[in-house]
Amino acid sequence: MLKKAVIPIAGLGTRFLPLSRVVPKELLPLVDKPVIHYIVKEAKASGIKEIVFVVRPKKKEILEYFKEDPKLEKLLKKRKREYLLSELYSIKELVKGISFSVVYQKEPLGDGHAILQAKKHIKKSDFGVFFADDVVDSDIPCLAQLENIFRTANSPVIGLKRVEKEKIPSYGIVKVEKISNRLYKVKDIVEKPEIEKAPSDLAIVGRYILTSEIFGYLERDSVKKKPEIILADALRRMLSDGKTIYGYEFQGRWLECGTKLSWLSSSFYLSLKDEKFKEALRGILKEL
Ligand code: UTP
């Protein structure tokens, strides 16, 4: 069973400027919880016991969200707002049974560089990676779906989703060989291809299961030569060394939260699904 996961949250979030100057995109709300809550929830539901957050020194306040707050609990009781305690308890429940560690990425030198900072915690283990701007709404947690493949394949597995043709140039797109329903061998990764040159319409989603072999590949990239160390580049080099990487088109809805429009749409989708708010919101939409 996969026990460890890395969640890099040290990116600049420039696509959310000006908001991201004061609110990290991982704390943007989806209904009434920050994006990072959904990510940790998926990790826990997938059986993860150890989470390594990679943070930027300036952004470490994100982790305050998961900390207990006895003072606030006391205050809610004193002010007869006990009914709100369940909101705090839901976080306590979420983090129960998971150990958290934090490593720092001092400069935003790429997603691969961020993952590399977690090496001393991961050691020789296999591990999951969650990019904190991709939420998946599914019956079986997305990482658990990938783990089903990993258990027999023992090679890295990447989460994939089909995207509309005109959106292809915004994603990392894979060239694949189909193995069975939803399962592919990845042959190449092309970053943001033009529609005509795209090898498929299968985009990489921020969910990976990796082996510790990746660290050697990430280390080989020197930030002196390139401005950033990118995970997709390291995976591509593994492929050219003849290593096997699988891609799995997971079941569920990909709720992107990396750009303003995608986050608004994801927020819309989940709010309109939420038992507490859906009727009132539908009423407002009708009125509009
Ligand atoms: P993104 O590619 O979305 O980059 O990162 P970003 O910097 O967060 O956002 P933009 O492009 O400026 O709008 C994918 C994941 O990798 C993390 C991000 O926090 C996000 O979870 N990341 C990215 C790092 O931790 N460090 C980096 O240097 C880059």
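Everything below is about the structure printed above this text.
Structure report, in brief. (Residues numbered from 1 in each chain as written. Predicted model: local features only at pLDDT ≥ 70, side-chain atom pairs only at ≥ 80, totals over all residues. Heavy atoms only, no water.)

Now for the packing of helix H9 (residues 260–273) against helix H10 (residues 278–287). The N-to-C vectors of H9 and H10 enclose an angle of 120 degrees; their axes lie 7 Å apart at closest approach. It follows that H9 is oblique to H10 by the angle criterion. For the pair H9 and H10, contact is made by Phe268, Ser271, Leu272 and Lys273 and by Lys278, Leu281, Arg282 and Leu285, respectively. (Axes fitted to C-alpha atoms, helices over the stretch in contact; angles between N-to-C directions. Helix = DSSP H or I, 4+ residues; strand = E, 2+ residues; numbered from the N terminus. Parallel < 35°, antiparallel > 145°, perpendicular 65-115°, else oblique. Contact = heavy atoms within 4.5 Å.)

This paragraph deals with the pattern of salt bridges. All chains considered together, the criterion is met by 19 salt bridges. Between Asp133 and Lys25 there is a salt bridge, with the nearest N and O atoms lying 2.7 Å from each other. In this pair, Asp133 sits in the loop between strand E6 (127–130) and strand E7 (134–137) while Lys25 sits in the loop between strand E1 (4–8) and strand E2 (29–30), placing the two residues 108 residues apart along the sequence. In this pair, the class of Asp133 matches that of Lys25, namely buried. When the shortest N-O distance is used, the salt bridge between Lys96 and Glu93 registers 3.3 Å. (Salt bridge = Lys/Arg side-chain N within 4 Å of Asp/Glu carboxyl O. Buried < 20%, exposed > 50% of the residue type's maximum accessible area, 1.4 Å probe, protein only.)

Around the ligand, 19 residues are found, and the nearest of them are Pro8, Thr14, Lys25, Gln105 and Gly110. A distance of 2.9 Å is found between an oxygen atom of the ligand and a backbone nitrogen or oxygen belonging to Leu12. In the model, an oxygen atom of the ligand is placed 2.5 Å from a nitrogen or oxygen of the Thr14 side chain. When the ligand is considered free in solution it has 560 Å² of accessible area, and contact with the protein chains removes 85% of it. Counting atoms within 2 Å of the grid points, the majority share of the ligand lands in the largest pocket. Here the shell around the ligand is built from residues that sort into 9 nonpolar, 5 polar and 5 charged. (Near = heavy atom within 4 Å. Polar contact = N/O pair within 3.5 Å; in protein donor to acceptor, adjacent residues only side chain to side chain. Areas by Shrake-Rupley, 256 points an atom, 1.4 Å probe, with all protein chains shown as cover. 1 Å grid on protein atoms, 1.4 Å probe; cavity = no way out; pocket = protein on both sides within 12 Å on 5 of 7 lines; lining within 4 Å. Sits in = over half its atoms within 2 Å of the grid points. Nonpolar A, V, L, I, M, F, W, Y, C, P; charged D, E, K, R; others polar.)

Attention now moves to the environment of Leu94. Following the sequence through the fold, Leu94 ends up in helix H3 (residues 85–95). By relative accessible area, which is 7% here, Leu94 ends up buried. Along the chain, Leu94 and Lys41 lie 53 residues apart, while their C-alpha atoms are 6.5 Å from each other. The residues contacting Leu94, other than those within four sequence positions of it, are His37, Val40, Lys41, Lys44 and Phe66.

Side chains of a nonpolar character, in soluble globular proteins, are inclined to be buried together. By size, the foremost hydrophobic cluster in this structure holds 50 residues, and its most contacted members are Ile7, Ile9, Ile36, Val40, Ile51, Phe53 and Phe66. Sequence-distant contacts of Phe53, defined by excluding residues within four places in its chain, comprise Ile7, Ile9, Ile36, Val40, Leu63, Phe66, Phe100, Ser101, Val102 and Val103. Core analysis: the next-biggest nonpolar cluster, separate from the first, contains 34 residues, Phe131, Ile158, Ile189 and Leu235 among them. (Core = buried A, V, L, I, M, F, W, Y, C linked by side-chain atoms within 4.5 Å.)

To continue, consider the layout of surface pockets. In this approach a probe as big as a water molecule rolls over the atoms, and the regions it shows empty are the leftover space. Taken as a whole, the largest pocket spans an internal volume of roughly 1600 Å³. In terms of lining, the largest pocket is formed by 50 residues, of which the most central are Arg15, Asp133, Asp134, Glu256 and Gly258. At 5 residues, H9 tops the list of elements feeding residues into the lining of the largest pocket. Within the lining of the largest pocket, the residues separate by chemical class into 22 nonpolar, 13 polar and 15 charged. Quantified by volume, the second largest pocket comes out at close to 510 Å³. For the second largest pocket, the lining is made up of 22 residues, of which Tyr38, Lys41, Val136, Asp137 and Leu270 are closest to its centre. Taken together, the elements giving at least two residues each to the lining of the second largest pocket come down to helix H1 (35–45), H3, E7 and H9. Counting residues per element, the lining of the second largest pocket draws most heavily on H1, at 5 residues. Each residue belonging to the lining of the second largest pocket can be placed in one class, and the counts come to 10 nonpolar, 3 polar and 9 charged. (Points joined across faces, edges and corners; volume = space filled by probe spheres on them.)

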